[in-house]
Structures are given as C-alpha cells and as structure tokens.
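Structural characterization, general
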Amino acid sequence: MAAGLKEEKVYEREELASGTDGVAQAVRLADVDVFAAYPIRPYTGVMDRLAKFIADGKFDAEYIIADGEHSQFEIGKHASSVGARSFVGSSGTGWLYAMEALATTATDRLPVVALVGNRALDDPGAFGVEHNDAMLVRDLGWLVVWASTAQEALDTTLVAYRVAEDPSVMMPCAVAMDGGYLTHSEHIIKVPTKEAVSRFLPRYSLGRRVMHPDNPVSIAPQINEDWCMEIRRQNWEAAKRAKQVIYQAYREFNSVFGSKYTNPFFDEYMTSDADTVVIGMGTVSSAAKVAVSRLREKGEKVGFIKLRWFRPFPTEELRKTLSAAKRVTVIDRDFAHGGPDDGGVLYNEVRAALYDSANRPKVVDFIAGLGGREISIEDVTKMVELTSSSTMDEKIHWIGLREGTKGAAVENRRQ
Amino acid sequence: MTQNVAENEARKSGKEGMDVYRVEINYRGIFQKRLGYNISHGIVYAAHSEGKTAFSNGRYSDDPQRNGIPCANFAIVSGSLGEEELEAIASAKMDVDEADVVLVLDDTMAKGLEPWGHYGIRPINQKVVEGGTILFVSRRKPAELAKLMERRPFTYRLAVLPGDRSFAGLWYQRDDNTDIRVLAAVARVAPHIVDMESVVRYIRGKFNDEKRVEAAREAYDSVAVSEVSPDDGMVWPYEKPALPAWQDFDEGMAVKSVKRGFKMGPRGQNRNPDFRRGTSRSQRPVIRFDTCIKCTLCWYDCPDECFDPTTDGLFDVNYEYCTGCGRCAQVCPVDDCIVMVDELKFDSNSSPWEDYTVDPEEYVRRMEEIKGLSREVPSPVTGMGERILERKESVPFKPKGGK
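Residues numbered from 1 in each chain as written. Chains lettered and ligands numbered in written order. Predicted model: local features only at pLDDT ≥ 70, side-chain atom pairs only at ≥ 80, totals over all residues.

Within the secondary structure, Asp19(B) is located in the loop between helix H1 (2-12) and strand S1 (20-28). Judged by local crowding, Asp19(B) falls into the partly exposed class, with 17 C-beta atoms found within 10 Å. (Helix = DSSP H or I, 4+ residues; strand = E, 2+ residues; numbered from the N terminus. Buried ≥ 20, exposed ≤ 12 C-beta atoms within 10 Å, placed from the backbone.)

This part is about the domain arrangement of chain B. Split into domains, chain B comes out as domain 1 (2-228) and domain 2 (278-390). Computed over C-alpha atoms only, the centres of domain 1 of chain B and domain 2 of chain B are separated by 32 Å. (Domains from an automatic or database assignment.)

Counting residues at the interface gives 29 residues for chain B, matched by 30 residues for chain A. Listed by contribution, the elements that provide at least two residues to the side of chain B that touches chain A are helix H2 (33-49), strand S2 (53-58) and helix H3 (83-90) of chain B. Its residues placed into classes, the side of chain B that touches chain A shows 14 nonpolar, 8 polar and 7 charged. One ladder, built from 3 bridges, connects strand S8 (residues 185-192) of chain A with S2(B); its direction is antiparallel. Bridge pairing in S2(B) links Ser185(A) to Asn57(B). (Contact = placed C-beta atoms within 7 Å. Nonpolar A, V, L, I, M, F, W, Y, C, P; charged D, E, K, R; others polar. Pairing = 2+ DSSP bridges.)

The next point concerns the pairing of strand S11 (residues 302-307) of chain A. Residues and elements named next belong to chain A. A large share of S11 lies buried, amounting to 6 of its 6 residues. Burial along S11 is two-sided: Val 302, Phe 304 and Lys 306 and Gly 303, Ile 305 and Leu 307, pointing in opposite directions, are all buried. Taken together, the 4 bridges between strand S9 (residues 266-269) and S11 define a ladder with antiparallel strand orientation. Residue pairing across strands places Tyr 269 opposite Phe 304, the latter belonging to S11. Pairing between strand S10 (residues 276-280) and S11: 5 bridges, direction parallel.

Looking at helix H12 (residues 345-354) of chain A, one finds that the buried residues are Val345(A), Leu346(A), Tyr347(A), Glu349(A), Val350(A) and Ala353(A). Next to the buried residues of H12(A) lie helix H6 (132-135), S10, helix H11 (315-322), strand S13 (327-332) and strand S14 (362-368) of chain A.

Residue and element names in this part refer to chain B. A large share of strand S6 (residues 156-162) lies buried, amounting to 5 of its 7 residues. Looking at chain direction, strand S5 (residues 128-138) and S6 are connected through 6 bridges and run parallel. Bridge pairing in S6 links Val 137 to Leu 161. Two strands pair when backbone bridges link them, and S6 and strand S7 (residues 224-228) are joined in this way by 5 bridges, in the antiparallel orientation. Opposite Arg 157, over in S7, you have Glu 227 as the bridge partner.

Two numbers describe how helix H10 (residues 284-297) of chain A lies on H3(B): the axes approach to 8 Å, and their chain directions differ by 100°. Taken together, the axis directions place H10(A) and H3(B) in an arrangement best described as roughly perpendicular. Along the contact surface, H10(A) presents Ser286(A), Ala287(A), Lys289(A) and Val290(A), while H3(B) presents Glu87(B), Ala88(B) and Ile89(B). (Axes fitted to C-alpha atoms, helices over the stretch in contact; angles between N-to-C directions. Parallel < 35°, antiparallel > 145°, perpendicular 65-115°, else oblique.)

Here the focus is unusual backbone geometry. Leave glycine aside and you will find that most residues have negative phi; peptide bonds, for their part, are mostly trans. The residue after Asp122(A), namely Asp123(A), is reached through a cis peptide bond having omega -10°. Among the secondary structure elements, Asp123(A) is positioned in the loop between strand S5 (113-118) and H6. Here the residue pair Arg311(A) and Pro312(A) is connected by a cis peptide bond, since its omega of -5° sits within 30 degrees of zero. Tracing the backbone through its elements, the reader meets Pro312(A) in the loop between strand S12 (309-311) and H11. The phi torsion at Asn177(B) lies on the positive side, around 70°, for a residue other than glycine. Along the chain, the position of Asn177(B) falls in the loop between S6 and helix H5 (178-189). Exposure remark for Asn177(B): the 21 C-beta atoms within 10 Å place this residue in the buried category.

Now the structure itself:
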C-alpha cells in the first residue's frame with residue numbers, strides 16, 4: 001500500500017461478547033434475510049441480540065418465531081429456496097425435534113447456516129455440553145464446524161456462509177459450539193465493519209434453482225429408485241469439493257481481516273516433534289493447551305490438535321500429522337454406545353483416518369465432560385499418562401466420572 | 001490508601017505465582033439479573049481499559065432463572081496473562097473454585113445459598129480466599145453479617161457498601177446507580193483488579209454523566225472494611241449432599257420422589273427434602289395468629305404450598321420452604337395480620353405457630369418488637385424501590401383470637 005494512504009478499517013470496535021453474541025453479530029453483518037427462531041438455551045441468546053439489533057434499526061430481516069424447532073428449520077429451508085440468506089439454530093433436544101427438516105435441507109442442497117449450541121440430549125433434562133446433537137447430522141450432507149472462542153464464533157459463522165453458498169458446494173452448515181462454556185462466556189472480541197464483511201462474503205445466489213413466480217420450480221418431488229443414487233452421488237461430490245472451498249474461504253478471510261487461520265481444518269499446538277498428540281474439539285482446547293505446555297516444561301513431547309471442521313473430515317491432513325506421532329489421545333465429548341470397540345465418535349473417525357497410514361500410532365479414547373462436566377487441566381494430563389500406560393485391552397477410558405463399587409444398578413436390574 | 005495498596009501487592013504474589021483474580025457476583029435470580037450483568041461487564045471493561053485481560057460469564061446452571069433463587073456471575077481478570085492463557089486457566093468452567101472478591105447484592109444471602117436441587121445450602125463465603133474480600137451491599141453492621149456466615153480457617157476481609165437490595169435494571173425499574181457504586185467499591189477493596197481511575201473512565205464512557213461519577217466516588221469513600229478472623233462466624237449446620245457413583249443408582253434415572261402425605265399441624269405436609277428454596281427469601285411473612293380470622297386465603301394462595309393447617313383452624317408457615325414472595329401478605333384481609341419483614345431479623349426457621357401456642361402474648365410481643373412500626377410494601381416488584389409506610393401503633397394483642 002502506498003505511503004500516506006489510509007489503511008481501510010476492517011474492525012469497527014471491540015466489545016464484550018459471548019459466543020451467541022458473536023454469532024448474532026455475524027448474522028447481522030452477513031445481512032441475513034430470514035431469521036427463524038424458537039427459544040431454547042443457548043439459542044435464545046442469539047434471538048435476544050438480533051431482536052435488539054432490529055429494534056435499534058441496525059439489522060433488517062424477517063424475524064419469524066416458529067411454533068417449534070421442526071417448523072423453525074422448515075422456515076429456514078424454505079426461505080433459502082427463494083434465495084433468501086437464512087439463519088436458524090437450536091440445541092440438544094430441540095435440534096433433534098428439527099431432524100426431518102435438517103435432513104431435507106441437506107438433500108435439497110440449500111445453504112442454510114445453523115447454530116447448534118451443544119447440549120446434552122434429554123432425558124433427563126440437561127443443559128450442559130455434549131457433542132452428540134451436532135454429530136447426528138454428520139452423515140446427512142451437512143457441513144459441521146466447531147468454534148471454540150467468541151471471536152471464532154463470529155468468524156466461523158461468516159466463513160460458514162461463504163463455504164455453504166459457494167456454487168460448487170451448496171450444502172447447509174452447522175456451526176457448533178459448546179453450550180455454556182462458549183455460548184455464555186463473555187470475552188472481548190473485535191467486530192468487523194460491514195464493508196469488510198461484504199468484501200469477504202458475496203451475495204447469496206441460488207441461480208436457476210431459485211423459486212420465484214418468474215422462475216417457477218418444484219423442489220423436492222417424490223422419486224423412486226430411478227433418481228436417488230445419482231442425487232446422493234452429486235452430494236458426495238459436493239462434500240468433497242467443499243474441502244478446497246474451505247481452504248479458499250480461509251485464505252480470503254485472512255486476506256481481508258488479517259486473521260491467522262493457517263490451517264482451516266485444525267489448529268496444531270506443539271505437534272511438530274510430539275510423541276503423543278491430544279486431539280479434541282471445542283472449548284476443551286483451553287485446558288488441553290495448558291496441560292500440553294506444562295508437560296512440555298517437564299520435557300515430555302506432547303502436542304495438541306484442536307479439530308475445527310468435522311464435516312468434511314480432514315482425513316489426509318490428520319493422517320499426515322497424526323501418523324508422525326507414536327500415540328494419539330482422543331477426547332470425546334460424546335458417546336456412541338455399542339460402536340466399534342465401544343469408543344466415542346471422534347475416536348473411531350480418527351482411527352479410520354489412520355488405517356491406511358504406514359505408521360499407525362496407538363490410539364486411546366477418553367470419554368469426558370459429558371453433560372457439561374468440566375474437563376480440567378489435570379484431567380488432560382491424566383489422559384496423556386493413561387495413553388502411554390494403557391494396554392491394547394484398555395482403549396476406552398471414562399474421565400471425571402463418579403466411580404463406586406456397590407453396584408446397586410446391577411442389583412436393581414436383576415430384581 | 002497506601003496501606004491498602006501494600007496489602008494488595010502482598011496478595012498479588014499469591015497462588016501459583018500468577019495474577020489471576022476472580023470476582024464472584026451473587027445476586028437474586030431474575031430480580032437482580034441485569035444488575036449482576038452490569039457489574040460483571042463493568043469490571044471487564046474497566047480492567048480492559050487498563051490493558052488487562054478479562055472476561056466474564058454467568059453460572060450456566062442458574063438458567064432458566066427463577067424469582068429470588070441465588071445466582072452468580074463471574075469476572076476473571078489478569079494483568080500479565082494473555083487471552084488464551086487466561087482462558088485456559090479460568091475459562092470453560094461452570095463455577096469458580098475460589099474468588100478474590102465475593103460480591104453480595106442482597107445481604108439476606110448471608111444466611112446461605114441453595115441455587116438448585118441437591119446442591120444443599122451453601123455458605124455465601126464458600127469461595128472467598130485467604131486475605132480476599134466479601135463485599136455486601138447492606139445497611140447492616142459487619143459483625144451482624146459475619147456471625148451468619150460459615151467459620152473459615154483463615155482471615156479475610158468483610159466490606160460493606162451502604163445500600164439497599166436493588167432491583168435496578170429489572171424491566172421498568174428505575175436506575176439507582178447500584179451497579180456503578182458496586183464497581184467503585186470493587187476498586188476500593190481490590191485496586192489490583194480494577195482501579196478507581198478505570199472505573200471512572202468506564203462510567204464516563206458509558207454514561208457521560210458527572211453525577212454518576214460523583215455517586216461512584218461517594219460509594220468509594222463510604223465502603224467500610226473490617227477483618228473476619230477464624231473465630232468469627234458459625235459452624236455450618238447444613239451438609240452438602242453426596243451424589244452417588246454411576247453404579248449406585250437405578251438405570252433410566254427414575255429417582256425416588258416424595259410420597260404424598262398430609263396430617264394436621266406444623267410440618268404436616270410431605271415436602272421435598274432435597275430442595276427447600278428458603279434461601280431465595282429476602283423477607284419472611286410474620287403472622288399474627290391472634291388476629292387471624294381463619295379465612296384460609298394464605299394457605300390457598302401460597303404458590304409454594306408452605307402453609308400447614310393446624311387443629312385450631314390456624315395456618316402455620318414452614319419457613320424452610322417459604323420463598324418470601326409476599327403473596328400471603330397481599331391476600332390477607334386482616335389489617336397487619338401477615339406482614340413481610342426483613343429476613344435478617346430472624347435466626348430460626350422453626351414453626352411460628354408452635355411458638356405462638358406456647359405463649360401467645362409473648363409471641364405477639366416479640367414479633368411486634370421485631371416488626372417495629374415501619375412496613376415495607378410487600379411487593380417484590382414495586383418499580384420504585386422500597387416503599388415504607390409508618391404505622392402509628394401496632395395492633396393490640398387479642399387474647400380471644402380473631403373472628
């Protein structure tokens with residue numbers, strides 16, 4: 001830039017914001033046309049903020065309150081089909097109530113962006129974080145990305161629109177974040193200017209698929225065995241193309257905002273010469289990083305990977321990084337009862353990625369932090385230790401669980 | 001002031017050698033929610049303006065909030081750590097393990113907190129660290145508050161900012177400067193977290209109003225600080241419930257419930273022993289059994305079913321479960337028969353009807369002495385702060401009872 005020329009401001013101010021505030025800011029900045037809502041914590045935080053933006057004249061959108069999550073997500077889908085940029089969101093049991101709409105949004109290839117504020121699945125009613133809600137769309141043709149700071153919540157929501165609406169992708173995107181720990185924790189973030197965002201994010205266009213009286217189309221007709229497989233194949237291809245679009249989107253994001261997303265798919269922390277690599281998603285990264293740096297101070301070669309994009313899964317990239325290690329510690333904030341080796345979801349995804357590798361490290365699974373239970377620095381340190389000491393029969397560990405010996409549950413079952 | 005700074009310097013070189021400070025803000029659910037957030041936000045913005053790293057959060061498990069239930073916000077501040085390090089150490093937690101400053105926006109919380117079922121009744125000073133400060137907004141003397149709290153094995157400080165329990169920020173409630181007054185008090189007791197200069201900068205930036213700055217300075221000067229030693233306070237009478245291990249309860253989470261049961265007299269109804277809700281009360285209903293006309297309205301209208309019918313046709317109240325909503329006092333048709341009185345004036349939750357039947361005249365004398373002649377309007381949401389009515393005299397004792 002020539003001397004004397006004023007550099008264009010990309011951030012307008014700093015403000016104290018929770019994860020949901022960050023998302024709401026992104027929705028405002030992305031100039032979303034239709035915002036469909038049904039209250040559930042933590043999505044309510046986004047609703048409150050956007051209502052305030054509209055009331056203050058800072059945001060112009062259709063704010064539609066639905067009679068439940070199923071209708072809410074249908075509204076988002078239909079709005080998207082007429083060419084409106086739309087936003088929806090829920091968490092836990094509400095997300096599940098929307099499941100039919102979630103599935104059809106993906107098969108209709110409509111680039112809705114949705115917040116899923118991770119929350120334990122009822123029953124019993126619980127509010128704390130568990131990743132199973134977001135993971136339920138992992139096979140449906142949704143892009144799934146985890147944000148782990150309030151700034152990332154804002155950035156990621158913008159990136160989500162950029163990727164989802166790319167003509168070569170056209171898939172809905174779920175922005176996941178840990179309920180409570182991120183959605184309700186407030187940090188100082190930088191809020192971009194609208195001009196900078198519009199330079200990054202092009203207008204949404206559905207092209208000739210757009211439903212309009214001047215362009216009559218019928219969406220989602222009934223089909224038989226004559227069409228289904230070809231349709232799935234198109235979607236499969238788009239999910240593969242999404243990977244390159246994600247790289248491109250972050251390159252563009254970095255160039256506009258000067259951010260430092262070097263690897264869009266995951267952040268690496270002290271992994272280069274690590275014997276043991278810890279991998280996890282969401283806010284657990286805070287505790288994991290401190291645990292790793294403390295172990296490094298003791299001379300132990302440990303590193304950490306914060307996985308950001310879960311769909312598409314960065315198979316080759318993870319294989320490359322993880323196969324250089326001797327051991328992998330997987331933190332699963334989810335459960336997958338009766339799955340391969342009774343491990344969690346992430347554990348088996350990581351193992352699958354490593355299967356074709358010439359060097360297959362030992363992979364040990366740690367199910368932790370379910371229902372919002374805290375994962376401490378000490379917990380992560382213990383995981384690293386157990387990764388070394390575990391035998392082949394001790395692949396799965398539950399951490400932070402109240403262990404007893406009485407076995408009343410077993411006794412009662414027999415009665 | 002200089003001594004204060006020296007003390008704080010000493011405190012800084014505390015645990016882990018890191019200057020990470022935690023402020024816990026205890027407030028009444030719903031009624032003081034906005035106030036609590038204004039204070040935690042104010043601390044973060046003020047600290048940020050000093051170039052410190054800071055963030056805040058609310059205790060996630062408090063939501064959805066219920067009227068009067070004790071809730072908490074946190075503000076975490078560090079002068080030396082960056083955002084990522086501070087977050088790693090202090091973020092992604094549901095609750096703080098300890099607090100350098102514990103703020104209490106309603107002094108009746110000194111009697112204990114029960115934010116959720118199976119939490120047990122916890123002492124308000126549970127999180128305060130050695131040398132830390134618990135700061136009350138209160139009209140009480142420090143000694144009166146100190147004796148209600150749990151005895152701790154170390155010395156800490158007790159500060160009192162003169163003021164009433166405020167509902168400022170609730171719906172249409174008038175702003176009464178409680179938030180900025182509390183910020184100034186934090187600057188007074190913990191300038192290593194935020195100093196007065198940055199609090200003033202924050203107030204000017206937000207309100208551009210010198211009157212508020214004056215109010216803050218007045219508050220700064222009016223804070224009274226004293227020490228609480230290991231001899232002060234009480235041995236905590238409530239146990240923390242122990243939760244079972246995963247092998248030790250029925251699958252499918254079918255929990256034992258309270259069997260329906262009723263008999264006449266005090267404590268006659270079966271109630272949930274794991275969640276008493278009494279700690280959500282700022283005022284308690286005081287009943288003049290001698291003027292009661294046995295109309296049943298208090299018993300009928302109580303939203304928490306706290307009244308127990310007695311064999312003599314009266315209605316005893318169970319203070320362990322009463323949330324102090326004031327509904328009974330509102331519906332009672334008899335002049336001055338049920339009156340809401342500051343909870344801190346009482347030290348027992350025992351049955352008032354039993355007290356009354358032992359010696360009716362003595363009970364009435366004692367209650368009138370506690371009540372005095374001032375009557376706070378018994379609505380929790382008055383819109384204008386507390387309205388006080390002065391009576392000329394108390395209702396005389398009726399030895400033959402009400403109509």
